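Chain by chain, the residues:
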Amino acid sequence: MELTLLELKKQNARLKQRLLDTQSLTQVGSWDWDLLTNKVEWTDMMYLLLGHVPHTVEPTYALALHHVHDDDKAIYEKTIEKCLKEKSVYKLRNRIVLDNKTIIPVVSMGRCILNDSGAVIRMVGTVQDVTSQIIAENNLLDKEKAIQSDKNKSVFLAKVSHEIRNPLNAIFGFSEQLRNENLIEENKVDYLNIIQSSCKSLKSIVENILDLSKIDAKEISPSIDTCNLNEIMNNLHRQFSDSNANSSISIRLNKALVDNDSFIKTDNVRLIQILTNLLENALKFTEQGYVELGYTINNNFIQFFVTDTGMGINPKDYNLIFERFKLVDHQNENSGTGLGLSICKELVNVLGGEIWIDSLINKGSTFYFTIPYSRIDVEIENRGIKIIQQKNNIPEVLVLVAEDNYNNFKYIEVVLKQENYGIIHAKNGQEAVNIIKEKKPIDLIIMDIRMPVMDGITACRLIKEIDINIPIVIQSGDLINDIKKEAKDAGCDAIMVKPFSKDELLEVIEKQLK
């Protein structure tokens, strides 16, 4: 039975509506380009995808190209040209831009239609809005990242638990042994050395964990000040030489500047932390030979290096060793948390430099890093340290210690009494202020930041209003730049970060008593 013209029109309308519904549901528009007449036809959805009301503009290749994102135009045109030349098909992910500047990610597909002689006479294709797919992919990626993050946290907690319990076990065990009244003196010294070494290991682990959290929170920024580079290098060399005096490893030092020319501006705390981590890492994997610490001047940068004669690292692992929690093939579960080198990399970036490694298996490794360099001219004054005289065992220097934690105060008291310093104890900032108001002859103040009644920064500010010449050393468990800035603004003269050793405490005091 033949269809009437009206029925054909209705059927055609139904087919067009089905096509529109299908393309609308899948967000796909299609096109047909007659290369002989250069005539282009778009489906209604194609118009809508490009931001036009159907059939209100003339569809052309030029108009379609106009809507392609500027950064994608070149590759889009090359893809079309290649398809025509090779008489093939193409698939391309690109972006289109509507007249209202809305950017839509799409997948463009097309193929050539050939005549009987094999010549290309038409191209047909589709454009699909893949916004919803990308959102789904990103959600899946976020989910996968969250799962991986949870796995990393589990690995991290397991490693940290292991690393913390090792030194704690030694501290608890040998502390208990020291209670043995029959313990010979030689064993006491050995046990105390083990306890001290374990405490240093524990301190390093805690600092790495805290730094990791600050890095993730983007709370680390450099605290730039003038420091003497050679003094830093000498101290590190002496520290590691003393701690490795009984080993078969020698510690070498190589400096490029004379002492009076070695004043620079940098964050000396972070610089020392980076060098310490690299030295500890070198010693961990070196059984004999030497470890060398040094620096050279390279135009506007200082290039530091730490060289060892250890087991070396395979070039394929050069990038891996700077990732968190990663251990290379020759390392085992006792090689640490896998945080030291990754933190070094982050801190070097904070200081404005770069870090890299050069190594040979079974020959050794050299870690390099740079920081910006500009020479600082500092006038060197011959100022002597105030010498503490003893007259009838009466202290010549009186120190006010403001500390609410009894154990922390007791430690400072023991150290200062050994040096014959006089001590006054204040349990909070308000007590410290009151003591200064009483006009007691205080030569120096050691002030904790976090105390009840009145905090250390407030007390520091009030004391400086009473007597600006009294040196105040702030002690804190925080190394956040905002707190350091608050302390400096309040008038404090130096900052000590807990925990600190006897030598570190006495060095700060002596500098303030110059």
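Basis of the calculations
Residues numbered from 1 in each chain as written. Predicted model: local features only at pLDDT ≥ 70, side-chain atom pairs only at ≥ 80, totals over all residues. Heavy atoms only, no water. Helix = DSSP H or I, 4+ residues; strand = E, 2+ residues; numbered from the N terminus. Rg over C-alpha atoms; globule rule 2.2 N^0.38 Å. Buried < 20%, exposed > 50% of the residue type's maximum accessible area, 1.4 Å probe, protein only. Contact = heavy atoms within 4.5 Å. Areas by Shrake-Rupley, 256 points an atom, 1.4 Å probe, with all protein chains shown as cover. Lys, Arg positive; Asp, Glu negative; His and termini not counted. Charge placed at Lys NZ, Arg CZ, Asp CG, Glu CD. Axes fitted to C-alpha atoms, helices over the stretch in contact; angles between N-to-C directions. Parallel < 35°, antiparallel > 145°, perpendicular 65-115°, else oblique. Left-handed = near helix turned anticlockwise from the far one by under 90°. Nonpolar A, V, L, I, M, F, W, Y, C, P; charged D, E, K, R; others polar. Phe/Tyr/Trp six-rings, centres within 6.5 Å; stacked < 30°, edge-to-face > 60°. Lys NZ or Arg CZ within 6 Å of the ring centre and 35° of its normal. Pairing = 2+ DSSP bridges. Right-handed = clockwise from strand over helix to strand, strands pointing away. Arc of directions from axis to C-beta.

J.: Lay out the overall build of the protein chain in plain terms, naming residues and giving numbers.
T.: Within the protein chain, the regular secondary structure consists of 14 helices and 17 strands. Radius of gyration (C-alpha) of the protein chain: 36 Å, far over the 24 Å computed for a compact globule of 514 residues. In terms of overall dimensions, the protein chain has C-alpha extents of about 130 × 60 × 50 Å along its principal axes. By the burial criterion, 40% of the 514 residues in the protein chain qualify as buried. Residue pairs at least 24 apart in sequence account for 61% of intrachain contacts in the protein chain once pairs closer than 6 positions are excluded. Total accessible area on the protein chain is roughly 30,000 Å²; 50% of this is exposed by carbon and sulfur atoms. Computed over 60 positive and 72 negative side-chain charges, the separation of the two mean positions in the protein chain equals 3 Å.

J.: Describe the packing of helix α8 (residues 268-284) against helix α9 (residues 340-350), listing the residues and the values that go with them.
T.: Direction vectors running N to C along α8 and α9 enclose 150°, while the axes themselves pass 10 Å from each other. If you check the angle between α8 and α9, you find them roughly antiparallel. Here α8 runs over α9; the crossing is left-handed. Side by side, α8 and α9 meet where R270, Q273, I274, N277, L278 and N281 of the first sit next to G340, L341, I343, C344, L347 and V348 of the second. Residue composition of the contact of α8 with α9, grouped by class: seven nonpolar, four polar and one charged.

J.: Please provide a residue-by-residue account of the packing of aromatic side chains, values included.
T.: Across all of its chains, the model carries eight aromatic pairs by this definition. Summarising the aromatic geometry, the rings of F174 and Y191 are spaced 4.8 Å apart at their centres and angled 45° between planes, so their arrangement reads as tilted. Taken as a pair, F174 in helix α5 (residues 131-177) and Y191 in helix α6 (residues 185-216) lie far apart in primary sequence, 17 residues in all. Between F322 and F367, the ring centres sit 6.2 Å apart and the planes meet at 85°, which makes this aromatic pair edge-to-face. Of the two residues, F322 is situated in the loop between β10 (301-308) and α9 and F367 in strand β12 (residues 364-372); the sequence distance between them amounts to 45 residues. Like F322, the residue F367 is buried in the burial classification. Here a set of aromatic residues connected by ring pairs shows up, and it is made of Y295, F304 and F369. Taking NZ or CZ as reference, R252 lies 3.7 Å from the ring centre of Y290, over its face.

J.: Requested: an account of the pairing of strand β13 (residues 398-402), with residues and values cited.
T.: Judged by how many residues are buried, β13 sits mostly within the fold: five of five residues are covered. Sheet analysis places β13 next to strand β14 (residues 422-426), joined by five bridges and oriented parallel. For L398, the partnering residue across the bridge sits in β14 and is G422. Chirality of the crossover, the property in question, places the unit of β13, helix α10 (residues 406-418) and β14 among those that are right-handed. By the bridge criterion, four bridges tie β13 to strand β15 (residues 444-448) in an arrangement that is parallel. Within β15, the residue paired with A402 across the bridge is M447.

J.: So, the sheet that holds strand β5 (residues 120-129): which residues are in play, and what are the values?
T.: The strands making up a sheet are joined through hydrogen bonds of the backbone, oriented either antiparallel or parallel. Taken in spatial order, the five strands line up as β2-β1-β5-β4-β3 in an open sheet, and their pairing is antiparallel. Where the open sheet ends on each side, the last strands, each with one partner, are β2 (39-42) and β3 (89-97). With strand direction ignored, the average angle separating the axes of adjacent strands in the sheet is 20°. Note that strand β1 (residues 28-34) and β5 share seven bridges and pair antiparallel. Within β5, the residue paired with G29 across the bridge is V127. Packed onto the sheet, helix α4 (residues 73-86) meets β3, β4 (103-114) and β5 and runs at close to 155° relative to β3.

J.: Before we move on, could you go through the pairing of strand β9 (residues 289-298) and cite the residues and values that matter?
T.: Every regular strand shows the same layout, with side chains that alternate between the two sheet faces. Relative to β9, strand β7 (residues 249-254) runs parallel, the two being bridged by six bridges. Directly across from L253, in β9, lies its bridge partner L293. Bridge count between β9 and β10: eight bridges; the pairing is antiparallel. Along β10, the bridge assignment pairs I297 with I302. Counted between consecutive antiparallel strands, the loop separating β9 from β10 contains two residues, among which N299 sits at a positive phi close to 55°.

J.: Give a detailed account of the sheet that holds β15, specifying residues and quantitative values.
T.: Across the sheet, which stays open at both edges, the five strands sit in the order β14-β13-β15-β16-β17 with parallel pairing between neighbours. If you trace the sheet from one side to the other, it starts and ends with β14 and β17 (494-497), each paired once. For this sheet the average axis-to-axis angle between neighbouring strands, irrespective of direction, equals 20°. Across the sheet, α10 is in contact with β13, β14, β15 and β16 (472-476); its angle to β14 comes to roughly 165°.

J.: I'd like a description of the environment of M46, backed by residues and values.
T.: Considering the arrangement of structural elements, one finds M46 in helix α2 (residues 44-49). Between the alpha carbons of M46 and C112 there is a distance of 19 Å; along the sequence they are 66 residues apart. Each residue touching M46, except ones within four places of it in the same chain, is listed here: G29, S30, W31 and V127.

J.: Report on helix α14 (residues 502-512), specifying residues and quantitative values.
T.: Listing the buried residues of α14 in full gives L505, L506, V508 and I509. All buried residues of α14 project into a common sector of 160° when viewed along the axis, lining one side. Contacts made by the buried residues of α14 are with α10, β15, β16 and β17.

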